[in-house]
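Report on the structure
Each chain, written out:
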Amino acid sequence: MNIGEVLITADEIDAKLKEMGDAITEDYRGKDLLLIGILKGAFVVMADLARHIDLPVEFDFMAVSSYGSATKSSGVVRILKDLDQEIEGRHVLIVEDIVDTGLTLQYLLKNLQVRKPASLGLAALLIKDGIERPPLEIKYEGFHIPNKFVVGYGLDLDGKYRNLPYVAVVSDATVPTP
Ligand code: 5GP
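Description of the structure in this document. A quick note: this is a predicted structure, and the numbers were derived from the prediction, not measured. (Residues numbered from 1 in each chain as written. Predicted model: local features only at pLDDT ≥ 70, side-chain atom pairs only at ≥ 80, totals over all residues. Heavy atoms only, no water.)

Describing the site of the ligand
How we decide: Near residues are defined by distance, with any heavy atom within 4 Å of the molecule or strand qualifying the residue. N or O atoms closer than or at 3.5 Å make up a polar contact, with two conditions inside protein: a donor-capable atom paired with an acceptor-capable one, and, for residues adjacent in sequence, both atoms drawn from side chains. To be clear on the numbers: accessible area is Shrake-Rupley with a 1.4 Å probe, and residue cover counts the displayed protein chains and nothing else. For helices the rule is a DSSP run of H or I covering at least 4 residues; for strands it is a run of E covering at least 2, with both sets numbered from the N terminus onward. Residue polarity is assigned by list, with Asp, Glu, Lys and Arg as charged and Ala, Val, Leu, Ile, Met, Phe, Trp, Tyr, Cys and Pro as nonpolar; anything else, Gly included, falls into the polar class.
Taken together, 16 residues are adjacent to the ligand, and Thr101, Thr104, Lys128, Val150 and Asp156 come closest. One nitrogen or oxygen atom from the main chain of aspartate 100 is found 2.9 Å from an oxygen atom belonging to the ligand. Here an oxygen atom of the ligand and a backbone polar atom of glycine 102 are 2.8 Å apart. Surface burial for the ligand is 84%, taken as the share of its 510 Å² of free accessible area covered by protein chains. Contributions of two or more residues to the shell around the ligand are made by strand S5 (91-99) and helix H3 (103-113). Looking at side-chain class alone, the shell around the ligand contains six nonpolar, four polar and six charged residues.

Below, the structure is given as C-alpha cells:
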C-alpha cells in the first residue's frame, strides 16, 4: 500500500502544537488541568501537546470504539476503557487526533458533562472540512484538512502507520470500503 501526499509535515505539526500548548498554558494558568486523551489515535498528539504545556497537568485516557465501518463513524460509541478517576469539579480538556463527523466527540461530551467537571474543553489536531457535523466548540484547533482519509501521527489504517511523524493521505484505492 502506498502512502500518498504528505499533507502536514512533522515540523508543521510541532509548530502548531507549540501554539496550541502556549494558548492552553495561558488559559489554564492557576487551574488544575486534567488532559483526557482518546485512544488509540490521540496518544501521539497528547504526548507532544502536553510537552508544550507549561503547567503541572494530569493525564487520563478513554478508549472508545465507534460502531460502523472502518472509515465511517456511526455515532454509536462503545466505551472500551473509561477514565481512571472522577472528574467532578476538575478542569478537563479532551484531546483528539481528528474530528470527522464529530459524532464520537458529541457522545463523549455528553457522557463527561453529566460527571460535572468544572469546565470541559476540546482540543483537536485535525478537523475535516466540508462535513456537516453537530455544533462543537473546538477551543484549540490544529489544522483544517480536506475530506480525505489520512494516516500518520497517531492515525491508522488497519492498525498501522500510527508511528509516521507526519500526516499523509492514503490513495483511495487502498482505503477499506464500507
Ligand atoms: P468521528 O466520530 O469524528 O467521525 O470520528 C472520529 C474518529 O474516527 C477519529 O478519532 C479517528 O479514530 C477516526 N477517523 C476519522 N477520520 C479519519 C481519517 O481520516 N483517518 C483515520 N486513520 N482515522 C479517522
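There is more to say, and it comes next.
Structural notes on the nonpolar core
As a reminder, the rule being used: In these notes, a set of buried Ala, Val, Leu, Ile, Met, Phe, Trp, Tyr and Cys residues joined through side-chain atoms within 4.5 Å is what counts as a nonpolar core. The classification of residues rests on relative accessible area computed with a 1.4 Å probe and restricted to protein chains. Under 20% of the type maximum is buried, over 50% is exposed, and intermediate values are partly exposed. By definition, residues are in contact when any of their heavy atoms lie within 4.5 Å.
Counting 30 residues, the largest nonpolar core has Leu35 and Leu126 as its most contacted members. For this core, the secondary-structure elements that each account for two or more residues are helix H1 (10-27), strand S2 (33-39), helix H2 (43-50), S5, strand S6 (119-128), strand S7 (140-145) and strand S9 (167-170). It is H2 that contributes the most residues to this core, five residues altogether. In this view, leucine 35 contacts Met46, Ala50, Ile53, Val57, Glu58, Phe59, Asp60, Leu93 and Val95; residues no more than four positions away in its chain are not counted.

As for the pairing of S2
Put simply, the rule reads: Pairing between two strands requires that DSSP report at least two bridges joining them.
Across the seven residues of S2, six count as buried, placing the element largely inside the fold. Relative to S5, S2 runs parallel, the two sharing five bridges. What sits directly across from glycine 37, in S5, is valine 95.

Digging into H1
Worth spelling out the cut-off: The span you would expect from a helix comes to 1.5 Å times its residue count less one.
In this model, H1 (18 residues) spans 26 Å end to end at C-alpha, consistent with the 26 Å of a helix rising 1.5 Å per residue. Looking only at H1, the buried set comprises Ile13, Lys16, Leu17, Met20, Gly21, Ile24 and Thr25.

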